[in-house]
Amino acid sequence: MAEMDTSSGGGHKKGPGVKKSKKLSTRVDLTPMVDLGFLLITFFIFTTTMSQPTAMKLNLPKDVDKPDEQNKLKESAALTVMPSGNNMVFYYEGLDPSKIQVSSFSKNAIRDVILDKKRRTDPKDFMVIIKPTKDATYKNTVNILDEMKIDDVRRYALVDITPDEYKFVSATEGGAGK
(Lines give C-alpha, C1' and ligand atoms only; values in the text may rest on other atoms or scores of the structure.)
Protein backbone atom coordinates (compact mmCIF):
# COMPACT_ATOMS: atom_id res chain seq x y z
CA MET A 1 0.00 0.00 0.00
CA ALA A 2 1.14 3.49 -0.70
CA GLU A 3 0.41 6.24 1.77
CA MET A 4 1.01 9.91 1.38
CA ASP A 5 1.29 12.37 4.25
CA THR A 6 0.17 15.88 3.23
CA SER A 7 0.88 17.62 6.49
CA SER A 8 3.41 20.34 6.25
CA GLY A 9 6.20 19.54 8.60
CA GLY A 10 7.34 23.16 9.08
CA GLY A 11 7.29 25.19 12.30
CA HIS A 12 3.73 26.28 12.78
CA LYS A 13 2.67 28.38 15.65
CA LYS A 14 0.43 26.82 18.17
CA GLY A 15 -2.04 28.84 19.97
CA PRO A 16 -5.62 30.15 20.11
CA GLY A 17 -5.58 32.16 16.86
CA VAL A 18 -4.03 29.56 14.65
CA LYS A 19 -6.25 27.10 12.84
CA LYS A 20 -5.26 23.52 13.08
CA SER A 21 -4.56 22.01 9.66
CA LYS A 22 -6.22 18.77 8.72
CA LYS A 23 -4.01 15.81 8.04
CA LEU A 24 -5.06 14.37 4.70
CA SER A 25 -3.91 10.84 4.04
CA THR A 26 -4.12 9.50 0.50
CA ARG A 27 -4.04 5.75 0.32
CA VAL A 28 -3.76 4.00 -3.09
CA ASP A 29 -4.83 0.37 -3.16
CA LEU A 30 -2.87 -1.50 -5.89
CA THR A 31 -4.70 -4.84 -5.54
CA PRO A 32 -6.92 -4.26 -8.61
CA MET A 33 -3.81 -3.37 -10.65
CA VAL A 34 -2.21 -6.69 -9.71
CA ASP A 35 -5.41 -8.51 -10.72
CA LEU A 36 -5.47 -6.66 -14.04
CA GLY A 37 -1.82 -7.53 -14.64
CA PHE A 38 -2.48 -11.23 -14.13
CA LEU A 39 -5.54 -11.08 -16.38
CA LEU A 40 -3.49 -9.47 -19.15
CA ILE A 41 -0.69 -12.03 -18.79
CA THR A 42 -3.23 -14.85 -18.94
CA PHE A 43 -4.90 -13.32 -22.01
CA PHE A 44 -1.63 -12.91 -23.93
CA ILE A 45 -0.42 -16.42 -23.09
CA PHE A 46 -3.74 -17.88 -24.22
CA THR A 47 -3.89 -15.94 -27.49
CA THR A 48 -0.29 -16.71 -28.46
CA THR A 49 -0.90 -20.45 -28.10
CA MET A 50 -3.98 -20.18 -30.30
CA SER A 51 -2.15 -18.29 -33.03
CA GLN A 52 0.19 -21.15 -33.94
CA PRO A 53 0.43 -21.68 -37.70
CA THR A 54 -1.58 -24.62 -39.01
CA ALA A 55 0.13 -24.95 -42.36
CA MET A 56 1.39 -28.20 -43.76
CA LYS A 57 5.14 -28.63 -43.77
CA LEU A 58 6.52 -29.22 -47.25
CA ASN A 59 9.90 -30.73 -47.89
CA LEU A 60 11.26 -29.40 -51.15
CA PRO A 61 14.05 -30.99 -53.18
CA LYS A 62 17.43 -29.37 -53.50
CA ASP A 63 17.85 -26.91 -56.33
CA VAL A 64 20.68 -28.33 -58.44
CA ASP A 65 22.30 -27.15 -61.66
CA LYS A 66 23.19 -30.58 -63.02
CA PRO A 67 20.35 -32.97 -63.91
CA ASP A 68 22.51 -35.92 -62.79
CA GLU A 69 22.35 -34.71 -59.18
CA GLN A 70 18.53 -34.58 -59.06
CA ASN A 71 16.50 -37.10 -57.12
CA LYS A 72 15.88 -40.27 -59.11
CA LEU A 73 12.60 -42.18 -59.00
CA LYS A 74 12.27 -45.92 -59.48
CA GLU A 75 9.43 -46.75 -61.81
CA SER A 76 8.32 -49.65 -59.62
CA ALA A 77 8.05 -47.36 -56.58
CA ALA A 78 5.88 -44.67 -58.19
CA LEU A 79 2.15 -44.22 -57.75
CA THR A 80 0.47 -41.47 -59.75
CA VAL A 81 -2.83 -40.15 -58.37
CA MET A 82 -5.02 -37.82 -60.44
CA PRO A 83 -8.02 -36.29 -58.66
CA SER A 84 -10.73 -35.36 -61.15
CA GLY A 85 -14.27 -34.04 -61.28
CA ASN A 86 -17.31 -35.89 -59.92
CA ASN A 87 -15.29 -37.08 -56.87
CA MET A 88 -13.32 -39.52 -58.99
CA VAL A 89 -9.66 -40.40 -58.58
CA PHE A 90 -7.60 -41.92 -61.35
CA TYR A 91 -4.37 -43.67 -60.51
CA TYR A 92 -1.72 -45.89 -62.00
CA GLU A 93 1.39 -47.58 -60.76
CA GLY A 94 4.73 -46.90 -62.38
CA LEU A 95 5.17 -44.26 -65.05
CA ASP A 96 2.94 -45.70 -67.81
CA PRO A 97 -0.37 -43.79 -67.98
CA SER A 98 -2.01 -46.41 -70.19
CA LYS A 99 -2.71 -48.52 -67.06
CA ILE A 100 -5.10 -46.00 -65.49
CA GLN A 101 -7.57 -47.32 -62.93
CA VAL A 102 -10.51 -45.52 -61.30
CA SER A 103 -11.34 -45.04 -57.64
CA SER A 104 -13.58 -42.71 -55.68
CA PHE A 105 -13.19 -40.38 -52.72
CA SER A 106 -15.24 -42.71 -50.54
CA LYS A 107 -14.14 -43.40 -46.99
CA ASN A 108 -11.22 -45.75 -47.70
CA ALA A 109 -11.10 -46.22 -51.49
CA ILE A 110 -8.00 -44.20 -52.37
CA ARG A 111 -6.45 -44.85 -48.95
CA ASP A 112 -6.49 -48.60 -49.63
CA VAL A 113 -4.76 -48.06 -52.97
CA ILE A 114 -2.02 -45.92 -51.40
CA LEU A 115 -1.47 -48.23 -48.44
CA ASP A 116 -1.39 -51.32 -50.68
CA LYS A 117 1.29 -49.78 -52.91
CA LYS A 118 3.19 -48.58 -49.85
CA ARG A 119 3.21 -52.12 -48.36
CA ARG A 120 4.58 -53.59 -51.59
CA THR A 121 7.32 -50.96 -51.99
CA ASP A 122 10.51 -50.12 -50.14
CA PRO A 123 9.64 -47.14 -47.89
CA LYS A 124 12.69 -45.11 -48.89
CA ASP A 125 11.81 -45.44 -52.61
CA PHE A 126 8.02 -45.02 -52.41
CA MET A 127 6.75 -41.83 -54.06
CA VAL A 128 3.28 -40.56 -54.87
CA ILE A 129 2.88 -38.15 -57.78
CA ILE A 130 -0.28 -36.04 -57.50
CA LYS A 131 -1.56 -34.61 -60.78
CA PRO A 132 -4.90 -32.81 -60.42
CA THR A 133 -6.89 -32.61 -63.65
CA LYS A 134 -8.48 -29.43 -64.94
CA ASP A 135 -11.82 -30.66 -63.58
CA ALA A 136 -10.52 -31.40 -60.07
CA THR A 137 -11.94 -29.40 -57.22
CA TYR A 138 -9.74 -27.69 -54.69
CA LYS A 139 -11.35 -29.81 -51.96
CA ASN A 140 -10.38 -33.09 -53.66
CA THR A 141 -6.79 -31.94 -54.19
CA VAL A 142 -6.50 -30.98 -50.53
CA ASN A 143 -8.06 -34.32 -49.55
CA ILE A 144 -5.33 -36.13 -51.49
CA LEU A 145 -2.69 -34.04 -49.69
CA ASP A 146 -4.37 -34.94 -46.39
CA GLU A 147 -4.17 -38.62 -47.35
CA MET A 148 -0.41 -38.23 -47.73
CA LYS A 149 -0.24 -37.09 -44.11
CA ILE A 150 -2.70 -39.70 -42.84
CA ASP A 151 -0.96 -42.57 -44.67
CA ASP A 152 2.48 -41.31 -43.61
CA VAL A 153 3.73 -40.91 -47.17
CA ARG A 154 7.02 -39.06 -46.82
CA ARG A 155 7.73 -38.42 -50.50
CA TYR A 156 5.09 -36.93 -52.77
CA ALA A 157 4.97 -34.28 -55.44
CA LEU A 158 2.24 -32.04 -56.83
CA VAL A 159 2.80 -31.93 -60.59
CA ASP A 160 0.89 -30.65 -63.63
CA ILE A 161 -0.95 -33.29 -65.63
CA THR A 162 0.40 -34.00 -69.12
CA PRO A 163 -1.86 -33.69 -72.18
CA ASP A 164 -1.56 -37.44 -72.86
CA GLU A 165 -2.65 -38.29 -69.32
CA TYR A 166 -5.55 -35.87 -69.57
CA LYS A 167 -6.67 -37.62 -72.79
CA PHE A 168 -6.57 -40.99 -71.01
CA VAL A 169 -8.54 -39.58 -68.07
CA SER A 170 -11.10 -37.93 -70.35
CA ALA A 171 -11.56 -41.16 -72.32
CA THR A 172 -11.90 -43.19 -69.13
CA GLU A 173 -14.32 -40.65 -67.60
CA GLY A 174 -16.42 -40.77 -70.77
CA GLY A 175 -16.51 -44.57 -70.57
CA ALA A 176 -17.34 -44.45 -66.85
CA GLY A 177 -20.56 -42.56 -67.53
CA LYS A 178 -19.60 -38.95 -67.10
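Residues numbered from 1 in each chain as written. Predicted model: local features only at pLDDT ≥ 70, side-chain atom pairs only at ≥ 80, totals over all residues. Heavy atoms only, no water.

What follows covers a nonpolar patch on the surface. On the surface, a cluster of nonpolar side chains totalling about 690 Å² of accessible area is made up of Val28, Leu30, Met33, Leu36, Leu40, Phe43 and Phe44. Turning to its location among the elements, Leu36 is positioned in helix H1 (residues 31-50). (Patch = residues over 30% accessible without salt bridge, like charges linked within 9 Å, V, L, I, M, F, W, Y side chains within 5 Å. Areas by Shrake-Rupley, 256 points an atom, 1.4 Å probe, with all protein chains shown as cover. Salt bridge = Lys/Arg side-chain N within 4 Å of Asp/Glu carboxyl O. Helix = DSSP H or I, 4+ residues; strand = E, 2+ residues; numbered from the N terminus.)

With that settled, the discussion passes to the packing of helix H2 (residues 109-119) against helix H3 (residues 138-150). At their nearest, the axes of H2 and H3 sit 11 Å apart, and the two run at 45° to each other. Classed by the angle they form, the pair H2 and H3 counts as oblique. In this structure, H2 crosses over H3, and the sense of that crossing is right-handed. Mapping the contact onto sequence places Ile110, Arg111 and Ile114 in H2 and Ile144, Glu147, Met148 and Ile150 in H3. Looking at the contact of H2 with H3, its residues break down into 5 nonpolar, no polar and 2 charged. (Axes fitted to C-alpha atoms, helices over the stretch in contact; angles between N-to-C directions. Parallel < 35°, antiparallel > 145°, perpendicular 65-115°, else oblique. Left-handed = near helix turned anticlockwise from the far one by under 90°. Contact = heavy atoms within 4.5 Å. Nonpolar A, V, L, I, M, F, W, Y, C, P; charged D, E, K, R; others polar.)

Here the focus is the packing of aromatic side chains. Considering all chains together, one arrives at 1 aromatic pair under this definition. Relative to Phe44, the ring of Phe43 has its centre 5.4 Å away and its plane inclined at 65°; by these criteria the two rings are edge-to-face. Phe43 sits in the partly exposed class, given a relative accessible area of 46%. A relative accessible area of 49% places Phe44 in the partly exposed class. (Phe/Tyr/Trp six-rings, centres within 6.5 Å; stacked < 30°, edge-to-face > 60°. Buried < 20%, exposed > 50% of the residue type's maximum accessible area, 1.4 Å probe, protein only.)

Glancing now at the sheet that holds strand E6 (residues 127-130). Strand order in the open sheet formed by 5 strands is E5-E4-E3-E6-E7, and the pairing between neighbours is mixed. Two strands in the sheet have a free side with no partner beyond their single neighbour: strand E5 (101-104) and strand E7 (156-158). With direction set aside, neighbouring strand axes in the sheet form an average angle of 25°. (Pairing = 2+ DSSP bridges.)

Here the focus is the nonpolar core. The biggest cluster of nonpolar side chains holds 14 residues, and the ones touching the most others in it are Leu79, Val81, Ile110, Ile114, Val128, Ile144 and Met148. Elements that contribute at least two residues to this core include exactly strand E3 (78-83), strand E4 (88-93), H2, E6 and H3. With near-sequence residues (within four places) excluded, Ile114 lies in contact with Leu79, Phe126, Glu147, Met148, Asp151 and Val153. Counting 8 residues, the second largest nonpolar core, distinct from the first, contains Met82, Tyr92, Ile100 and Ile161. (Core = buried A, V, L, I, M, F, W, Y, C linked by side-chain atoms within 4.5 Å.)

Right, let's get into unusual backbone geometry. Its identity as a non-glycine residue notwithstanding, Asn87 has a phi of 55°, on the positive side. Mapped onto the fold, Asn87 is located in the loop between E3 and E4. For Asn87, a relative accessible area of 45% puts it in the partly exposed group. In the Ramachandran plot, Asp152 falls in the positive-phi region, its phi being about 55° despite a non-glycine side chain. Mapped onto the fold, Asp152 is located in the loop between H3 and E7.

Let us look at H2. Looking at H2, one finds that the buried residues are Ile110, Val113, Ile114 and Lys117. Angular distribution of buried residues about the axis of H2 spans 95°; they occupy a single face of the element. Tucked into the core, H2 has its buried residues touching E3, E4, E5 and H3. (Arc of directions from axis to C-beta.)

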